[in-house]
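Fold and contact review
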Amino acid sequence: MRRPFFSVAPGRLLRDESGLTTTGMVLALLLTLSLVFSSAQVYRIQSVSSRVQSVADAASLAAGNVVAEFMIAVRLCDAVALSLSLTSLTATGLGVVALCVPGAQAAGGKLIESGQKTGQARDRFSRTASEGLTRVQKALPFLSAVAAASVASANDSETSRYVAMAVLVPDSAPDIGVAAEDAAAAQARDAAASQAEDIKRLANEADAASREANEAKRQAFEHDCGNRPGYCMQERAETLAGMKGSSNPLYSSVDAWSFSVALRRAQAYYPARLASEAPDGQGVEACARSELRKRFFAYASEELSRGYVVEKPEFRAYFPHLPKNTDEMRETTLYTDPVYPCTTEDGLPVLHAWSGCPRAAGFSSTASIAAMEGGGWETCSECGFTAASMGKVAAASSSIDNGFEYHYEAVARAADAYQEAMQRAEPAKQAVKDRVADVLAALKEACSRVGDYRITARPPGSEGFVVLCANVGTDAPAKGFESTFVQVTGQVGTRVAVSASTLVADSSGEGGNVISSLTDDLAQHGAPAGLAGVALDCWAGLLSAYANGQSSLTNVVREGLDGLPLIGASGLGDWAADELSGAVEAVGLQPANLDVLRPAVVNAAHVAGSDKADSFCARLVELKRQAIAHPLMSNGVFSSLAASVRRDAFAGIDAAGGSVEVASIDVGGESVPIEISLPPAVREFAKGALGEAIDQLVSLYANVTGVRPWD
């Protein structure tokens, strides 16, 4: 065989004994550059293709936001229903308390009426909220699909055009039913209304009798020590008997004083006067008067020792009345006791004032004034003792205000009047307490059960959201990486992605802001005056009870009570206020969960595999398994599922309308709507955009397989 004129072994072109040849170096560089640009092109294609996943995730979150906002409306309606129930019962309770005080009874009747009207408003609100929330709930598949498609299209660029459709899991839900108010609440309000007239009448009787009793006590206080430094029992006891300190106390307020103070003072006064008694002059008559005063003081001391004062459980007192004249003296033991010395003169009996009378020397017997007035008795020429002598002892000090007996008698009469008035007041007060206690017990029971009648929802999407997204735009795969090292023809094909999200709780506290926005909106209109404003303030305060529970409920009742004129003579207002506060504090209202729901991206299998998922998601899970096993066959997922999405989403368009008023709150004459509004053109625009997106997704199957799908 003929050899060429010049030949080199192939290996020597790439290397020689000195190392790499020039040819080898050039080839290595060319291969390296080719690999670099090939890798860059692969990265470019993968980067362009992966963007659809980010858009799908954003569309999935947008679909979730729609349902999250719907749940805010549900929670708001729940707060309104609960607060209206509490407002109705609280206003009724405040009205019942006000009925116990004559000066507040007009307000009490209005508050009870307001409680009934608020209960009716709660029923109306519940009906409209049920209808409105159900209407919006049926539109959620459409609204979520529109939100996902809108977010997808917002990412369009010169080379990208995104379409997306969202599927809610579950894709339907039963109508939202708002439970009617518990029958116990209506019964409690009816009981308050039916008992109102009896409570008012009995409270008026108790108050009138209590006013009489209080006036009697005031007068007794003035006569005992309230008139100090003027004449009174305290001043007279100090001046006449030298009493000081604990035996003769001084009180500055009738509220701190009691009838027992006056009785103890009088019981100490007469022994002190008896111990210090002495004639006020010389002669038999002065001595006789002194001895008769001693007998009177001893008698008074014995009589007052039988006196008593019992303040509780009901007032009972006995203030012995002392004789002020001869006739009254004849009704006492001063008249009948045989303690006076008796002698005989000229065959006729003579009665003496005391044994020290000069003509009573050597007396052998004693007799009573009653016996002397029986007839046939002579009057002692020395002491001149007669029935009038004894009768005059207390006459002067009982008739003018510088005598102790004058003020004591005033206290004794006041004690009798006080006891008689209290005996009339107590049955009426007890009757009021019985009726009010029954009504408040019913209100307490109703309040404790309002938490069982709440508004809850498990709307479409409560388990999650699945979004099918595609980029149907054209994009050159070599754009930005043009080179002669990699030959690329055509365009990057349609890119598709599946994303899913679910709602998770966010405890940031924003839920409370939604509740407070209701009262902020109302404040802009200005609260009405009078009791309507009171009811409205009560409702506004009880809205916070939804978030804060028992503490807010207690505060609202306390503030409501502070706004009522509960000062009355009978004390029933304060008693009823305490009873209402105690009943409310025992309710134990728990705060509601105000965590805001926010969508978060999760694996689609977690959502589609939920036990709440429908046949769509079951097909999606199966197709996802097939796509993993047979990647080249996975493009049919959109055409397989899009038709059912079109049907379910479009079914909600008519329900959505342009603006949906969920319900309207009517409290105190003010109406506050709860609305979910849509832009005027959203219906037709969204329907067209969503329909186009679904059509684009259906057509993907034909683009990939060459087989035209039939709808």
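Residues numbered from 1 in each chain as written. Predicted model: local features only at pLDDT ≥ 70, side-chain atom pairs only at ≥ 80, totals over all residues. Heavy atoms only, no water.

**With respect to the overall build of the chain**
- Of the regular secondary structure elements, the chain holds 22 helices and 14 strands.
- Buried positions account for 45% of the 711 residues belonging to the chain.
- Once local pairs closer than 6 in sequence are excluded, the contacts in the chain between residues at least 24 apart make up 77%.
- Within the structure as shown, the chain displays about 33900 Å² of accessible surface, and the carbon and sulfur contribution to it stands at 52%. (Helix = DSSP H or I, 4+ residues; strand = E, 2+ residues; numbered from the N terminus. Buried < 20%, exposed > 50% of the residue type's maximum accessible area, 1.4 Å probe, protein only. Contact = heavy atoms within 4.5 Å. Areas by Shrake-Rupley, 256 points an atom, 1.4 Å probe, with all protein chains shown as cover.)

**Here we look at helix α16 (residues 550–562)**
- Relative to the 18 Å expected for 13 residues at 1.5 Å per residue, α16 spans 18 Å between its end C-alpha atoms, a close match to the ideal helical length.
- Buried residues of α16: Gln-550, Ser-552, Leu-553, Thr-554, Val-556, Val-557, Gly-560 and Leu-561, and no others. (Expected span 1.5 Å × (residues − 1).)

**Overview of the side chain of Glu-277**
- Topologically, Glu-277 is positioned in the loop between α6 (259–276) and α7 (284–304).
- For Glu-277, a relative accessible area of 11% translates into the label buried.
- Only 3.0 Å separates the side chain of Glu-277 from the side chain of Ser-290, close enough to count as a polar contact.
- In terms of polar contacts, Glu-277 uses its side chain to reach the side chain of Arg-293, at 2.9 Å. (Polar contact = N/O pair within 3.5 Å; in protein donor to acceptor, adjacent residues only side chain to side chain.)

**Section: the sheet that holds strand β3 (residues 162–169)**
- With antiparallel pairing, 4 strands are arranged side by side in an open sheet as β3-β10-β11-β12. Lying at the two open borders of the sheet, with one neighbouring strand each, are β3 and β12 (596–602). Across the sheet, the mean angle from the axis of one strand to that of its neighbour is 25 degrees, orientation sign disregarded.
- Relative to β12, strand β11 (residues 495–506) is paired through 7 bridges, and the arrangement is antiparallel. Across the sheet, the residue bridging to Leu-503 is Pro-599, located in β12.
- Running at roughly 150 degrees to β3, helix α3 (residues 105–153) makes contact with β3 and β10 (464–471) of the sheet. (Pairing = 2+ DSSP bridges. Axes fitted to C-alpha atoms, helices over the stretch in contact; angles between N-to-C directions.)

**Here's the deal with the packing of aromatic side chains**
- Considering all chains together, one arrives at 15 aromatic pairs under this definition.
- When the ring of Phe-259 is compared with that of Phe-315, the centres are 5.6 Å apart and the planes differ by 55 degrees; the resulting orientation is tilted. Of this pair, Phe-259 sits in helix α6 while Phe-315 sits in the loop between β4 (308–310) and β5 (316–318); the two residues are 56 residues apart in sequence, bridging distant segments of the chain.
- Ring geometry for Phe-319 and Tyr-408: centres 6.3 Å apart, planes at 40 degrees, overall tilted. You can see Phe-319 sitting in the loop between β5 and α8 (326–329) and its partner Tyr-408 sitting in helix α13 (residues 404–449), a full 89 residues away along the chain. Each member of the pair, Phe-319 as well as Tyr-408, carries the same accessibility label: buried.
- An aromatic cluster of three or more residues is present, and its members are Phe-221, Trp-257, Phe-259, Phe-315, Phe-319, Tyr-408 and Tyr-418.
- The side chain of Arg-295 reaches across the aromatic face of Tyr-340, ending 4.9 Å from its centre. (Phe/Tyr/Trp six-rings, centres within 6.5 Å; stacked < 30°, edge-to-face > 60°. Lys NZ or Arg CZ within 6 Å of the ring centre and 35° of its normal.)

**Description of the sheet that holds strand β6 (residues 340–345)**
- One open sheet accounts for 4 strands, arranged β8-β6-β7-β9; its pairing is mixed. The two strands at the open ends of the sheet, each matched to only one other strand, are β8 (365–367) and β9 (378–379).

**Quick notes on the nonpolar core**
- With 59 residues, the main nonpolar core has Phe-259, Tyr-270, Phe-296, Phe-319, Ile-369, Met-390 and Tyr-408 as its most contacted residues.
- Top element by residues in this core is α13. It accounts for 9 residues.
- Aside from chain neighbours lying at most four places away, what touches Phe-296 is Tyr-270, Leu-322, Pro-323, Leu-334, Met-390, Val-393, Ala-394 and Glu-405. (Core = buried A, V, L, I, M, F, W, Y, C linked by side-chain atoms within 4.5 Å.)

**Side note on the confidence of the model for the chain**
- Of all residues in the chain, 71% have pLDDT values of 70 or greater, and the mean over the chain is 78.
- Low pLDDT (under 50) marks residues 526–531, which in the prediction has 9 contacts with non-local residues, meaning those over four places away or in another chain.
- Scored below 50 in pLDDT, residues 627–641 makes 25 contacts in the model with residues more than four places away or belonging to other chains. (pLDDT = per-residue confidence, 0-100.)

**A few points about the packing of α3 against helix α4 (residues 183–226)**
- Axis separation between α3 and α4 bottoms out at 10 Å; the angle between their running directions is 175 degrees. The pairing of α3 with α4 is recorded here as roughly antiparallel in orientation. Contacts between α3 and α4 involve Gln-105, Ile-112, Gly-115, Gln-116 and Gly-119 from the former and Arg-189, Asp-190, Ala-192, Ala-193, Ala-196, Lys-200, Ala-203 and Asn-204 from the latter.
- For the contact of α3 with α4, the class distribution of residues is 5 nonpolar, 5 polar and 3 charged. (Parallel < 35°, antiparallel > 145°, perpendicular 65-115°, else oblique. Nonpolar A, V, L, I, M, F, W, Y, C, P; charged D, E, K, R; others polar.)

**Topic: unusual backbone geometry**
- Between Val-169 and the following residue, Pro-170, the backbone shows a cis peptide bond with an omega angle of -5 degrees.
- In this fold, Pro-170 is placed in the loop between β3 and α4.
- The omega torsion of the bond from Arg-228 to Pro-229 falls at 15 degrees, within 30 degrees of zero and hence cis.
- Relative to the helices and strands, Pro-229 resides in the loop between α4 and α5 (233–241).
- The backbone phi angle of Asp-346 is positive, close to 55 degrees, even though this residue is not glycine.

**Things to note about the pairing of β11**
- Alignment of β10 against β11, held across 7 bridges, turns out to be antiparallel. Note that in β11 the partner of Phe-465 across the bridge is Ser-501.

**Structural notes on the pairing of β10**
- Across the 8 residues that make up β10, a large majority, 8, are buried.
- A two-sided burial pattern is seen for β10, the buried positions comprising Gly-464, Val-466, Leu-468 and Ala-470 on one face and Phe-465, Val-467, Cys-469 and Asn-471 on the other.

**Some thoughts on the pattern of salt bridges**
- This structure, assessed with the given rule, holds 26 salt bridges.
- Asp-207 serves as the salt-bridge partner of Arg-211, at 2.2 Å between the closest nitrogen and oxygen. Of this pair, Arg-211 and Asp-207 both sit in helix α4, 4 residues apart, which is roughly one turn of that helix.
- Overall, Arg-211 belongs to the partly exposed group, its relative accessible area being 48%.
- The buried category is assigned to Asp-207, whose relative accessible area is 5%.
- Note that Glu-303 is salt-bridged to Arg-306, the shortest N-O span being 2.0 Å.
- For Arg-306, a relative accessible area of 42% translates into the label partly exposed.
- In the salt-bridge network here, residues are joined through shared partners; they are Arg-273, Glu-277, Asp-280, Arg-289 and Arg-293. (Salt bridge = Lys/Arg side-chain N within 4 Å of Asp/Glu carboxyl O.)

**Comments concerning the environment of Lys-294**
- Relative to the helices and strands, Lys-294 is located in helix α7.
- In the structure, Lys-294 is positioned 18 residues away from Ser-276 in sequence and 9.5 Å away in space, judged by C-alpha atoms.
- Dropping the residues within four chain positions of it, Lys-294 is found in contact with Leu-274 and Glu-277.

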